[in-house]
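Analysis of the macromolecular model
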Amino acid sequence: MTTAQLISAHRIIVKIGSALIADGETGDIRGSWLETMIEDVVRFFSRGQQVIIVTSGAVAVGSHHFNKFGVLRSEERQAAAAIGQVRLMLAFEQSLKRFGFGLGQILLMGEDLRNPHRRLNVLSTVRQILKVGAVPVINENDTTATAETRFGDNDRLAAQLAELVQADIIILLSNIDGLFTEDPHDNPSARLITEVRRITPQIEAMAGHSVSRHSSGGMLTKLMAARIAMDAGCNMIIAKGNKSYPLSAIENGGPSTWFVPFARDRSDRHTCGNKLPQAQ
C-alpha cells in the first residue's frame, strides 16, 4: 500500500491510545504532542478530508486523583473516567480552537452501535458535527459502562464506528510501529509486517498480550479491530504515534502495518445495510 491512499481517502478515523495522550507517571495530558496531532488533523481537513477522532485516556488522566497505583476498583474507574473526560475534552477543544475548529463530544456504549435506531442517531450526530465544521471526538462512556454494555476497548469501537460511517481508513496510533513477527520488546530481531491482507492463525499468533496499566487494548484487540474493518471494506493502519506530527510521519513513509481488505464496491459494504441513508 502507498500513502497516496491515505492522502486521497475521504473519511478517516484516528484512534489515540491512552499511553500517547496521558503521561503515565503524572496523568498530565501531553499538550505539546496533542497540538501537533491536531495540526495534522487540520491539514487533512484543509484538503477536503473528514477526520473523526476516537480517543482513550479519560481513566488514565482522572485516576491520578486517587493517588494510588495498580488496578482501580470499578467505582473508582468510573469516577476517574468522569474526572478525566472533562480535562481530556478541554485539551482537545483548546487545540482545535487555535485553528478555528469546534469540537463535538460523543460518548458511546456498546448498545449504541448494536441497536438500529441508536446507530442511526450516532450516524446523524457525526454527520451534523462535521457539517458545521467541528471535529467529532469520541470515547467509550466509561463513567456508566458495565461489563455487559462496554465495547471493551477503543480499537474495536473505532472499527465498529468505521463500519457505521463508511470510513475509508482507520489509523490506530499506538506505542508500537505495527504488527511484528514477535514482540519486539522480547526479541529485538522481530520483523515488522508492513501489509496484511488476511488475518490467519499465523497472524493472530504474532499478537502479544501486553497492555499498559490504564489501557484495555493490546495487539490482539487491534487484530480484532482489523478483522471488523476489513470485513467492512475499510483499510486499517497501526503506527507508532508518540512523536510529534504522527499522521505526517505515516504520510512520509514511516513504519506502519497496513491491513488491506479485498477490493469491493462501497455499496457492498456491511456498514449500515440498505436501511440507513448513505453518509454525505
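Summary of the structure given here. Treat the numbers as computed from the prediction; the structure is a model and nothing was measured.

Looking now at the overall build of the protein. Regarding its fold elements, the protein presents 11 helices and 10 strands. Considering the protein as a whole, with its 280 residues, one finds that 52% of them fall into the buried category. When contacts within the protein are restricted to residue pairs at least 6 apart in sequence, those whose partners lie at least 24 apart make up 75%.

Side chains of nonpolar character tend, in soluble globular proteins, to be buried together. Counting 82 residues, the largest nonpolar core has Ile-13, Met-37, Ile-53, Phe-92, Ile-170 and Ile-171 as its most contacted members. With 8 residues, the top contributor of residues to this core is helix H3 (residues 31-46).

Further remarks concern the packing of H3 against helix H5 (residues 74-97). The N-to-C vectors of H3 and H5 enclose an angle of 50°; their axes lie 9 Å apart at closest approach. Regarding the angle of H3 to H5, the classification is oblique. You can see that H3 and H5 cross each other, and the crossing is right-handed. For the pair H3 and H5, the contacting residues are Leu-34, Glu-35, Met-37 and Ile-38 in the first and Ala-91, Phe-92, Ser-95 and Leu-96 in the second. A breakdown of the residues in the contact of H3 with H5 according to their chemical character gives 6 nonpolar, 1 polar and 1 charged.

So, about the packing of aromatic side chains. Under the counting rule described, the total for this entry stands at 1 aromatic pair. A ring pair is formed by Phe-45 and Phe-101, whose centres lie 5.2 Å apart and whose planes are at 50°; its orientation type is tilted. Of the two residues, Phe-45 is situated in helix H3 and Phe-101 in the loop between H5 and strand E3 (102-108); the sequence distance between them amounts to 56 residues. The buried category is assigned to Phe-45, whose relative accessible area is 17%. One cation-aromatic arrangement involves Arg-47 over Phe-44; the distance from NZ or CZ to the ring centre is 4.5 Å.

Bringing the pairing of strand E1 (residues 11-16) into the picture now. Of all 6 residues that make up E1, 6 are buried, and the element is covered over most of its length. Going residue by residue along E1, you find Arg-11, Ile-13 and Lys-15 tucked away on one face and Ile-12, Val-14 and Ile-16 tucked away on the opposite face as well. Across 6 bridges, the pairing between E1 and strand E2 (residues 50-55) is parallel. Looking across to E2, one finds that Ile-16 is bridged to Thr-55. As paired elements, E1 and strand E5 (residues 169-174) share 5 bridges and run parallel to each other. Bridge assignment links Lys-15 to a residue of E5, and that residue is Leu-172.

Spatial strand order, E3-E4-E2-E1-E5-E9-E10-E8: 8 strands in an open sheet with mixed pairing. A single partner strand is all that each edge strand has here, and the edge strands are E3 and strand E8 (195-196). Examined bridge by bridge, E5 and strand E9 (residues 235-240) share 6 bridges and lie parallel to one another. By the bridge assignment for E9, Ile-170 is matched with Met-236. Packed on one face of the sheet, H5 meets E1, E2, E3 and strand E4 (134-140) and runs near 150° to E3. Along the sheet, helix H7 (residues 116-131) makes contact with E2, E3 and E4, crossing E4 at roughly 145°.

As a further point, take the packing of H7 against helix H8 (residues 154-165). Running from N to C, H7 and H8 point in directions that differ by 80°, and their axes come no closer than 10 Å. The orientation of H7 with respect to H8, classified from their angle, is roughly perpendicular. Counting all contacts with H7, which are made through Arg-119, Val-122, Leu-123 and Val-126, the residues of H8 involved are Leu-161, Leu-164 and Val-165. Broken down by class, the residue content of the contact of H7 with H8 amounts to 6 nonpolar, no polar and 1 charged.

For the rest of this paragraph, the subject is the environment of Ile-250. Among the structural elements, Ile-250 can be located in helix H11 (residues 246-251). Taking relative accessible area as the criterion, Ile-250 reaches 3% and is therefore assigned buried. On a C-alpha basis, the gap between Ile-250 and Ile-171 in space is 9.5 Å, while along the polypeptide they are 79 residues apart. The residues contacting Ile-250, other than those within four sequence positions of it, are Thr-3, Leu-6, Ile-171, Leu-173, Ile-237 and Ala-239.

A few words now on unusual backbone geometry. Positive phi is not limited to glycine here, since Gln-166 has a value of about 55°. Locating Gln-166 in the fold gives a position in the loop between H8 and E5. What makes Gln-166 buried here is its relative accessible area of 9%. Of note in the backbone geometry, Tyr-245 takes a positive phi value of approximately 50° without being a glycine. The residue Tyr-245 is located in the loop between E9 and H11 in this model. Here Tyr-245 falls in the partly exposed class, since its relative accessible area comes to 35%.

Criteria and cut-off values
- Numbering of residues starts from 1 in every chain and runs along the sequence as written.
- pLDDT decides what is reported in this predicted model: residues at 70 or higher carry local features, side-chain atom pairs at 80 or more are listed and counted, and totals for whole chains, interfaces and linings draw on all residues regardless.
- Computation of side-chain values: all heavy atoms of the structure, hydrogens and water removed.
- Secondary structure elements follow DSSP: runs of H or I no shorter than four residues count as helices, runs of E no shorter than two count as strands, and numbering proceeds from the N terminus.
- In this scheme, a residue with accessible area under 20% of its type's maximum is buried, one over 50% is exposed, and one in between is partly exposed, where area comes from a 1.4 Å probe on protein chains only.
- Note on definitions: a residue-residue contact is assigned when non-hydrogen atoms from the two residues lie within 4.5 Å.
- We call a set of buried residues a nonpolar core when its members are Ala, Val, Leu, Ile, Met, Phe, Trp, Tyr or Cys and they connect through side-chain atoms within 4.5 Å of each other.
- Fitted lines through C-alpha atoms serve as axes, helices being fitted only where they are in contact, and the angles separating the N-to-C directions of these axes extend from 0 to 180 degrees.
- For classification purposes, an angle smaller than 35 degrees is called roughly parallel, one larger than 145 roughly antiparallel, one from 65 to 115 roughly perpendicular, and anything else oblique.
- Handedness of a crossing is defined here by the sense of rotation of the near helix relative to the far one, left-handed for an anticlockwise turn of less than a right angle and right-handed for a clockwise turn.
- The nonpolar class holds Ala, Val, Leu, Ile, Met, Phe, Trp, Tyr, Cys and Pro. Asp, Glu, Lys and Arg form the charged class, and all remaining residues, Gly among them, are polar.
- Aromatic rings from Phe, Tyr and Trp, with only the six-membered ring used for Trp, were paired whenever their centres fell within 6.5 Å, and each pair was classed as stacked if the ring planes differed by under 30 degrees, edge-to-face if by over 60, and tilted otherwise.
- A ring has a charge above it when a Lys NZ or an Arg CZ is no more than 6 Å from the ring centre and no more than 35 degrees off the ring normal.
- By this definition, two strands are paired if DSSP reports at least two bridges between them.

By themselves, these figures tell us nothing about what the structure is for.
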